[in-house]
Each structure stands twice: as C-alpha cells, then as structure tokens.
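Residue strings, one per chain:
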Protein chains: 2
Amino acid sequence: MSTDRKERILLAALELFAMEGYHATPTSKIAKQAEVSEGLIFRHYQNKEGLLQAILQAAERNFQQHLSPILEESNPQKTLRFYISFPFEVPEEEVNFWRLQFKLKWEVNYPKNQKLTPFLDKITWAFRELGYDNPELEAELLFLTIEGVSTAILRDGMERMESTKKFLLKKYGV
Amino acid sequence: MSTDRKERILLAALELFAMEGYHATPTSKIAKQAEVSEGLIFRHYQNKEGLLQAILQAAERNFQQHLSPILEESNPQKTLRFYISFPFEVPEEEVNFWRLQFKLKWEVNYPKNQKLTPFLDKITWAFRELGYDNPELEAELLFLTIEGVSTAILRDGMERMESTKKFLLKKYGV
DNA sequence: GTCTATACGATGATAGAC
DNA sequence: GTCTATCATCGTATAGAC
C-alpha cells in the first residue's frame, strides 16, 4: 500500500496495459485505479506514451536482472536448464512485466528486441559445447519453443504447464 | 479492384486491424482506405465490433478450409509434415487473417480457441502411431513450437525461416 | 505535489437526402 | 445502397488554484 503517487500510477498502468492493452486503456481508468487525479499522470509522465516508456524501462531492468546470470554460466547443461526453466519461474508479482512485453510485440510498432541476441548466442554456445550438429538452428528452435511456452503460461498459468517443463528438460537431457 | 463496397470495407478493415490493431484503428481510417463514406460502415456492419466479428467469421472459414484436410490424413508422417509446413505455406494474400488471429489473442479478451482441439488430437494420434513415448506431450510441445514459429514468420517473413522449416522436418523425421 | 475544472480534437454512431 | 452533415461522448492534455 504505497503512498508514492508517482509509483502508484506506474503500477496501475502496468497492470492495465498488461491486462487490457495500451490503446484500450484510457488515462481516466489509470487514474481511478491508482486513486489519483487524472492530471497528475501528465505532471509526472508528460503524456501517455511517456508513461508507457517509463514502464518499459522498469520492465527492461527487471528482465536484465533475472536473465543476465545466464550469460555468466560456464556449464552448458546448466545454461540450457536455466533458460528452459526461466518462463516457469517468473514471480507472480512480475508476471505483468512479461505479459506487457508479449502484448506490445503485437500492439504498438514495437522495435524488434535486439537485446535478446546475447542470450541467443549463449544458447548457441551451449549447444555447440554439448556437441549438437547444428547449434545455431537448435538455439533458434529452442528460442521459438520457449516463446510459445511463455505464451501458453501467460494464457493458462504455470501450474498446468509443469509437465511440459519436465518434458522439455528431459528432451534436452538437462 | 472489387467494386462491392461492403467487401471493400471488410478487406480494408482486415488489413488495418491486422497491421495496426483493432483499438488503434479508427473507423474514419477504414473508410478512407476502402474509399467509401464512413457512414456506410455502420449501415453494413452496425458498429465497429460487428465489423470485427464479420472479419473473424471470414478468418474462421479460411482457417477451416486450409487446415481441415489434415484431419483426413491417414499417414502419420504426412500428418506431421503437413502440420509443420503449414505456417510456411500461408499464401501472401491470406497472411493478414493469421496476423489478426495472433494479434487478437493479446488485444481483445479473446475466447481461448477451442477449435484447435481436433488438430491437437490428430497430432497426438500421429505421434502415437509413430511409437513416441509420450504422444500427448510431444503434440503439445510441437503445437507450442509451431506457435512460436508462426510468430516469427509474421514478424520477419517466411524467407528467413526456410532453414528452420527444414530443420524441424528433419528433427521429426518427416 | 496534488487537485478541480476545462479545452478540444478524435471517434463512434445517427439522420436524412438522393 | 451511398453520401453528407451532424451529434454526443470519449480521451488526452493543459491551466490555475491550493
């Protein structure tokens, strides 16, 4: 129950943008949910787009914080295990960051996320270390599979997907 | 260059909803692109939501027409091959039907597509025929992978994904 | 920092003529 | 069937007081 109104606005907008969408969410609704006046949103974030950008920066920090350890991992098995497990272990309070990322991919003209390249390279490295025939394509395919898995998790919840996680880990022997 | 204005409206709206999104597309823009008066949209489709529903029904027919042959296939290898190849072979003119489906999954409160169950069952059957250990999970995983692949195709185009297609077909030995 | 009041263009939708 | 004109409301944003 924070009383920092600027942050309350950000959290309310994150929730609404993630659940209903950016274009579908009027600033009046954000103000209502955050229990602040509508004008305050524009004082703090200039305009609606500025509010979105602030949320995206917070999401980016969150993202880096959780995924960057994978880049330090020196054991290829552990690297794959970490990567595959990742979408199943996003904390409940942070799911909306992820939901928003996936939503925006379709909603606004979202710049193709180039920040993922280091992770793709790391997975490629892991497959190469493990002696796979075509590490580049293995990595790309796993990447796309995890994208599909994440979509399903965001839609149906993690519980139902437990067996899929186990199955994937077994399939890659990690 | 059809002159059927009702259909011109539908095609313009399909294009715009698929590319920019439902909420981001004003009816004025649809009218402009279809080269009709804005009022005509409401004569033919009652309201914006009705227009969307009409498009969705057309998309559904398109979808059934292309995918239903898979349900008749009696050869399990061919079944998998058909299913894996499918997203790579959507005709250029029909890509927007697919883009819209994927976009709406995130944009509006879209009913979880139960119509896919027969196809999932068919894939499960194919894996069982081929002697896979866990046909249910194999089918679910392939389904999610194809979802990720489709997303990538809609984002980057099919050309760049040719190698991924070959790789997938080889991986499943079909 | 925060609120209330308000401006104002955009948007979905209707009415009425042809 | 189609267009033009028009309306009511919504949505973003600003102004000014406290």
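What comes next is a walk through the structure. (Residues numbered from 1 in each chain as written. Chains lettered and ligands numbered in written order. Predicted model: local features only at pLDDT ≥ 70, side-chain atom pairs only at ≥ 80, totals over all residues. Heavy atoms only, no water.)

## Some thoughts on the overall build of chain A
Scanning chain A from terminus to terminus reveals ten helices and zero strands. Listing every helix and strand of chain A by position from the N terminus yields α-α-α-α-α-α-α-α-α-α. Expressed along its principal axes, the backbone C-alpha trace of chain A runs to roughly 60 × 30 × 25 Å. Across the 174 residues of chain A, 51% fall into the buried class. Sequence-distant contacts, at least 24 apart, represent 69% of the contacts inside chain A between residues at least 6 apart. Carbon and sulfur atoms make up 51% of the accessible area of chain A, which amounts to about 9,000 Å² in all. Side-chain charges of chain A comprise 23 positive and 25 negative groups, with the mean position of each set lying 3 Å from the other. (Helix = DSSP H or I, 4+ residues; strand = E, 2+ residues; numbered from the N terminus. Buried < 20%, exposed > 50% of the residue type's maximum accessible area, 1.4 Å probe, protein only. Contact = heavy atoms within 4.5 Å. Areas by Shrake-Rupley, 256 points an atom, 1.4 Å probe, with all protein chains shown as cover. Lys, Arg positive; Asp, Glu negative; His and termini not counted. Charge placed at Lys NZ, Arg CZ, Asp CG, Glu CD.)

## Quick notes on the packing of aromatic side chains
Within this structure, the stated rule accounts for 14 aromatic pairs over all chains. Taking the centre distance of 5.4 Å and the plane angle of 75 degrees together, the rings of Phe86 of chain A and Trp98 of chain A count as edge-to-face. Of this pair, Phe86 of chain A sits in the loop between helix H6 (76–85) and helix H7 (95–107) while Trp98 of chain A sits in helix H7; the two residues are twelve residues apart in sequence, bridging distant segments of the chain. Comparing Phe86 of chain A with Trp98 of chain A shows no difference in burial state: the two are buried. Aromatic side chains Phe63 of chain B and Phe119 of chain B sit 5.9 Å apart centroid to centroid with 80 degrees between the ring planes, which places their arrangement in the edge-to-face category. Here Phe119 of chain B lies in helix H8 (residues 117–129) and Phe63 of chain B lies in helix H4 (residues 48–67), a separation of 56 residues in the sequence. (Phe/Tyr/Trp six-rings, centres within 6.5 Å; stacked < 30°, edge-to-face > 60°.)

## Here we look at the interface of chain A and chain B
Counting residues at the interface gives 32 residues for chain A, matched by 32 residues for chain B. Counting the surface chain A buries against chain B, the share from its top three residues, Trp106, Leu141 and Phe167 of chain A, is 27%. Between Glu140 of chain B and Arg160 of chain A there is a salt bridge, and its shortest N-O distance comes to 3.2 Å. At the boundary of chain A and chain B, one finds eleven residue pairs in polar contact (both at pLDDT 80 or more). (Buried area = accessible area lost by both parts, 1.4 Å probe. Salt bridge = Lys/Arg side-chain N within 4 Å of Asp/Glu carboxyl O. Polar contact = N/O pair within 3.5 Å; in protein donor to acceptor, adjacent residues only side chain to side chain.)

## Examining the relation of the copies chain A and chain B
Once turned by 180 degrees and shifted 0.0 Å along the axis, chain A lies on chain B with an RMSD of 0.1 Å. Expressed as an axis order, the relation between the two copies is that of a two-fold axis. A shared binding surface is used by both copies, with 100% of the interface residues of chain A retained as interface residues in chain B. (Least-squares fit on C-alpha atoms with pLDDT ≥ 70 in both.)

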